[in-house]
Amino acid sequence: MARRPLRRSAAGAIVAILAAVVLAADQFVKYLTITYLPYGEPVPVLGEFLQLIYVRNPGAAFSIGKGATWIFTIALAIVAVVIVWKAFGLRSRLWAVVLGCLLGGVLGNLTDRVFRDPGFPVGHVVDMISMPWMMPAIFNVADIFIVTGMISVALLVLLGLRFDGTRERDHEAAEKAEAEQAAADGAATDAPASSEG
């Protein structure tokens, strides 16, 4: 049995709560990183599989765009505004969870851009997680939620799940049924006219 769509207020609450939790977790880990990790020195957690390295990133992934940090600040702000705007029309649980986690990740890095040195709007993002066997980049908790959130958005779009909790195929089936009914009604209306002739 299919679940009933959420009320908009409930979906919005899910987005807000998850975003707050992700933001808090991201900033707490960054606080621990700044407080306890030596800057730029690898600290093995699971050998070379997982390491902690405290760095500050002025650019995007792989430190791309170091000289245009303010552009990333604007981009993050735009993404956050779009997610909040979309949250007002949500009635899907899955979309609420995905957008809430994505919003939390975006706000985590946006907070760094706005409040950390060297200052607004070019603050450097605190990164600390390194998995050299998988990728050369050093990332943070917010990055994890941003990447998984974007992948999840792509999957939900491919699966045809709409913001209102319905699926694309349901709309296509309803439109097909309406078209068939209209054709049947049209045939029934034309039948008496043709028999009189």
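Placed above this text is the structure.
Residues numbered from 1 in each chain as written. Predicted model: local features only at pLDDT ≥ 70, side-chain atom pairs only at ≥ 80, totals over all residues. Heavy atoms only, no water.

Notes on the side chain of R116
What counts is decided by this rule: Helix numbering and strand numbering both begin at the N terminus, where a helix is a DSSP run of H or I of at least 4 residues and a strand a DSSP run of E of at least 2. Nitrogen and oxygen atoms within 3.5 Å of one another constitute a polar contact, given that in protein one can donate a hydrogen and the other can accept it, and given that sequence-neighbouring residues count only through two side-chain atoms. Two residues qualify as a contact provided that any one of their heavy atoms is within 4.5 Å of a heavy atom in the partner residue.
When you line up the elements, R116 lands in the loop between α3 (93-115) and β3 (125-130). Looking at R116, its side chain comes within polar contact range of the side chain of Q27, at 3.0 Å. One polar contact links R116 to D112, side chain to side chain, over a distance of 2.8 Å. With residues up to four places along the chain from it excluded, the contact list for R116 reads Q27, K30, I34, R56, T111, G123, H124 and V126.

Section: the packing of aromatic side chains
Short version of the rule: Stacked, edge-to-face and tilted labels apply to pairs of Phe, Tyr and Trp rings (six-membered ring for Trp) whose centres lie within 6.5 Å, assigned for plane angles under 30 degrees, over 60, and everything in between, in that order. Here the term buried applies to any residue with accessible area under 20% of the maximum for its type, exposed to any over 50%, and partly exposed to those in between, with areas from a 1.4 Å probe on protein chains only.
All chains considered together, the criterion is met by three aromatic pairs. Relative to Y54, the ring of Y39 lies with its centre 4.9 Å away and its plane at 80°, an arrangement referred to as edge-to-face. Here Y54 lies in strand β2 (residues 50-57) and Y39 lies in the loop between α1 (8-36) and β1 (43-46), a separation of 15 residues in the sequence. Overall, the relative accessible area of 7% leaves Y54 in the buried class. Between the aromatic rings of W95 and F163, the centroid separation amounts to 4.6 Å while the plane-to-plane angle is 75°, which identifies the pairing as edge-to-face. Placement of the pair is W95 in helix α3 and F163 in the loop between α4 (141-158) and α5 (168-196), with a sequence separation of 68 residues.

Description of the nonpolar core
A general trend in soluble globular proteins is that nonpolar side chains are found buried together. Going by this rule: In this description, a nonpolar core means a group of buried Ala, Val, Leu, Ile, Met, Phe, Trp, Tyr and Cys residues linked to one another through side-chain atoms lying within 4.5 Å.
Residues L90, W95, L99 and L102 are the most contacted members of the largest nonpolar core, which totals 21 residues. Of all the elements in the fold, those that place two or more residues in this core are α1, α2 (69-87), α3 and α4. The greatest single-element share of this core, amounting to eight residues, is contributed by α3. With sequence-adjacent residues up to four places away left out, L90 is seen in contact with R7, R8, A11, V15, W95, A96, L99 and F163. The next biggest cluster of nonpolar side chains, apart from the first, holds seven residues, and it includes L37, Y54, V126 and M131.

A closer look at the pairing of β3
Test applied: Any two strands with at least two DSSP-identified bridges between them are counted as paired.
Most of β3 sits inside the fold, with six of its six residues counted as buried. Inspection of the sheet shows β2 paired to β3 by five bridges, in the antiparallel sense. Bridged to Q51 within β3 is S130. Inspection of the sheet shows β3 paired to strand β4 (residues 138-139) by two bridges, in the antiparallel sense. From the neighbouring strand, I129 faces β4, where its bridge partner is F139.

What about the pattern of salt bridges?
For the record, the criterion: Note on definitions: salt bridges are taken to be side-chain nitrogens of Lys or Arg within 4 Å of carboxyl oxygens of Asp or Glu.
Scanning the model with the defined rule gives three salt bridges in all. The salt bridge partner of D112 is K30, with a shortest N-O separation of 2.9 Å. Here D112, found in helix α3, pairs with K30, found in helix α1; they are 82 residues apart in sequence, far enough to count as distant. Each member of the pair D112 and K30 is classed as buried. In this structure, D112 and R116 form a salt bridge, with 2.8 Å as the shortest nitrogen-oxygen distance. For the pair D112 and R116, one class covers both residues: buried.

Side note on α3
How we decide: Helix span, expected: 1.5 Å multiplied by one less than the number of residues in the helix.
With 23 residues, α3 should cover 33 Å at 1.5 Å per step; its first-to-last C-alpha distance of 32 Å lies within 8% of that length. Where α3 begins, one side-chain oxygen reaches toward the backbone nitrogen of L94, 3.4 Å away; that side chain belongs to S92.

As for the sheet that holds β4
Strand order in the open sheet formed by four strands is β1-β2-β3-β4, and the pairing between neighbours is antiparallel. A strand with exactly one partner marks an edge of an open sheet, and here the two such strands are β1 and β4. In the sheet, β1 pairs with β2 via three bridges, with the strands oriented antiparallel. Bridge pairing links P44 to Q51 in β2.

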